[in-house]
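Notes for the structure review
Single-letter residue listing:
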Amino acid sequence: MMGKYFKSPDPDVKDRVPPGQYLATGFPVLTYGETPQVEQNAWTLTISGLAEPKTFTWQDLMALPQSDFTADFHCVTRWSKLDVKWTGVKITDLMGAINLEPKATHVMQHCTGGYSTNLSLDDFVRDENCLAHTLFGEPLDAEHGGPVRSLVPHLYAWKSAKWISELEFMPADQPGFWERNGYHYRGEPWAEERFS
Ligand SMILES: Nc1nc2c(c(=O)[nH]1)N[C@H]1C(S)=C(S)[C@@H](COP(=O)(O)O)O[C@H]1N2
Ligand SMILES: [Mo]
């Protein structure tokens, strides 16, 4: 893992790097399959399942409060990147515009291209989570999930859904793409919840 692209953390940041992780020098791209090209004006987010059906457009997203985030990013393939800077809409602000049914306990994030990943609402509805459209001050590029991806920094990065297109609220936990293929249902990096 060492060499040009990865390094062991310096002592001053060591306590921010979860067990078994190395620091990436750049920002690697991790995508299963093709990178979909979604135009800003064609992007929509559909709300389905145990919530009042609704579709957010790019304009709807822009009309919600915009926030800045600085977060560490941990991929289960053992690279981490510290202090990534994003701009987007807090999930707590988004949820204020969604009418959830009380029976909802989990959410499946669906993406253009077929990827999906599940979260409990406790893990989804947090102050540090967002729908991000800007990375280090630039529009989020397609490789990193642009125009819009989710960001769930307290869990492994496979939970941060690129090209997010639908939130399906559910009455129980269900596995998404990687979770069906052996990854942990939750994926907490400090507990090394890599596989189930
Ligand atoms: N739609 C979609 N979202 C995805 C993935 C993917 O393949 N498709 N890969 C996940 C994984 S495993 C990681 S580590 C992060 C990587 O994000 P990055 O490519 O911006 O570094 O995106 C996650 N979200
Ligand atoms: Mo990953």
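For the structure, see preceding data.
The structure contained in this document is the topic of the report that follows. Only a predicted model underlies this, so the values are computations on that prediction, with no experimental measurement involved. (Residues numbered from 1 in each chain as written. Chains lettered and ligands numbered in written order. Predicted model: local features only at pLDDT ≥ 70, side-chain atom pairs only at ≥ 80, totals over all residues. Heavy atoms only, no water.)

Some details on the overall build of the protein chain
Counting secondary structure elements, the protein chain contains four helices and 12 strands. For the protein chain, whose C-alpha radius of gyration is 16 Å, the value lies close to the compact-globule estimate of 16 Å for 196 residues. Here the protein chain, with 196 residues, has 50% of them falling under the buried criterion. Expressed as a percentage of contacts within the protein chain between residues at least 6 apart in sequence, the contacts between residues at least 24 apart total 66%. For the protein chain, the accessible surface area stands at approximately 9300 Å², while carbon and sulfur atoms represent 51% of it. Averaging the positions of the 17 positive and the 26 negative side-chain charges in the protein chain gives two centres separated by 6 Å. (Helix = DSSP H or I, 4+ residues; strand = E, 2+ residues; numbered from the N terminus. Rg over C-alpha atoms; globule rule 2.2 N^0.38 Å. Buried < 20%, exposed > 50% of the residue type's maximum accessible area, 1.4 Å probe, protein only. Contact = heavy atoms within 4.5 Å. Areas by Shrake-Rupley, 256 points an atom, 1.4 Å probe, with all protein chains shown as cover. Lys, Arg positive; Asp, Glu negative; His and termini not counted. Charge placed at Lys NZ, Arg CZ, Asp CG, Glu CD.)

Examining the packing of aromatic side chains
This model, assessed by the stated rule, comprises 13 aromatic pairs. When the centroid spacing of 5.2 Å and the interplanar angle of 80° are considered together, the rings of F27 and F73 count as edge-to-face. You can see F27 sitting in the loop between β2 (22-24) and β3 (44-49) and its partner F73 sitting in strand β5 (residues 67-74), a full 46 residues away along the chain. Exposure remark for F27: the relative accessible area of 17% places this residue in the buried category. Among the aromatic residues, ring-to-ring pairing joins Y32, Y115, Y156, W158, F177, W178, Y183 and F195 into one connected group. (Phe/Tyr/Trp six-rings, centres within 6.5 Å; stacked < 30°, edge-to-face > 60°.)

Observations regarding the site of ligand 1
Surveying the vicinity of ligand 1 reveals 19 residues, the closest of which are P28, Y32, H144, R149 and K162. Y32 places a main-chain nitrogen or oxygen 2.7 Å from an oxygen atom of ligand 1. At a separation of 2.8 Å, a nitrogen atom of ligand 1 approaches a polar backbone atom of S160. Across the complex, the protein chains shield 98% of the 530 Å² of accessible surface that ligand 1 would expose by itself. In terms of residue class, the shell around ligand 1 is made up of 13 nonpolar, three polar and three charged. (Near = heavy atom within 4 Å. Polar contact = N/O pair within 3.5 Å; in protein donor to acceptor, adjacent residues only side chain to side chain. Nonpolar A, V, L, I, M, F, W, Y, C, P; charged D, E, K, R; others polar.)

Fair warning: the whole summary comes from geometry, so function is off the table for now.
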